[in-house]
Amino acid sequence: MKYAELNDESLVMLTLSGEAAAYEVLVVRYQKAVLAAAQTVTHSAYLAEDAAQDAFVTAWMKLNVLRDPSKYGGWVCRIAG
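The structure displayed is predicted, hence computed values, not measured ones.

Draft legend 1. Expanded view of helix α2 (residues 20-42). A rise of 1.5 Å per residue sets the reference length of α2, with its 23 residues, at 33 Å; its end C-alpha atoms lie only 29 Å apart and thus fall more than 12% short of the reference. For α2, every residue scored as buried is listed here: A22, Y23, V25, L26, Y30, V34, A37 and A38. Its buried side turned inward, α2 meets α1 (8-16), α3 (45-61) and α4 (72-80). H43 sits one or two residues past α2 and shows a positive phi near 60 degrees.

Laid out in C-alpha cells, this is it:
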C-alpha cells in the first residue's frame, strides 16, 4: 500500500491501528511546516529542530485525542509553536 497517496485522516487512522509507516508519511508531509512554526517561536534553527521533533513525538503519543484527523497538519504545527 502506498501511504503517500492517502489523505491525513486515513494516515492518522492507520497510525492508530499500528501502522508506523503511515505516521512516517505524516512527519515527512509536515516537516517543513512544523519546523517553520517552531522557528517562529525559538528564533533558532537548532532549537527549532529539537522543538519540531518534540512536537511530532507529542502528536504521536496523543494522536488518539485528535478530534478531527483531517486537521492533523494544523494540530501538529500548533504543538510546535
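Draft legend 2. Representation of the packing of aromatic side chains within the structure. The full count for this structure, using the stated rule, is 3 aromatic pairs. Measuring from centroid to centroid gives 5.9 Å for Y23 and Y72, while their planes differ by 85 degrees, and the two rings are edge-to-face. Of the two residues, Y23 sits in helix α2 while Y72 sits in helix α4, which places them 49 residues apart along the sequence. Note on Y23: relative accessible area 8%, which makes it buried. Among the residues examined, Y72 registers a relative accessible area of 0% and is labelled buried. Through pairs of rings, three or more aromatic residues link up here, namely Y23, Y30, Y72 and W75.

Reading the values: the criteria
Going along each chain's sequence as written, the residues are numbered from 1 onward. Per-residue local features of the predicted model are confined to residues with pLDDT of at least 70, and side-chain atom pairs are confined, for both listing and counting, to 80 or more; whole-chain, interface and lining totals are unaffected and use all residues. By convention in this description, side-chain values take in all heavy atoms of the structure and omit both hydrogens and water. Numbering of helices and strands runs from the N terminus, with a helix taken as a DSSP run of H or I at least four residues long and a strand as a DSSP run of E at least two residues long. By this rule the span expected of a helix is its residue count minus one, scaled by 1.5 Å. To sort residues, take the accessible area from a 1.4 Å probe on protein chains only and compare it with the maximum for the residue type: under 20% means buried, over 50% means exposed, and anything in between is partly exposed. In this description, contact between two residues means that some pair of their heavy atoms is separated by no more than 4.5 Å. Ring geometry is summarised as follows: Phe, Tyr and Trp rings, the Trp one being its six-membered ring, pair when their centres sit within 6.5 Å, and such pairs are stacked at plane angles under 30 degrees, edge-to-face over 60 and tilted between the two.

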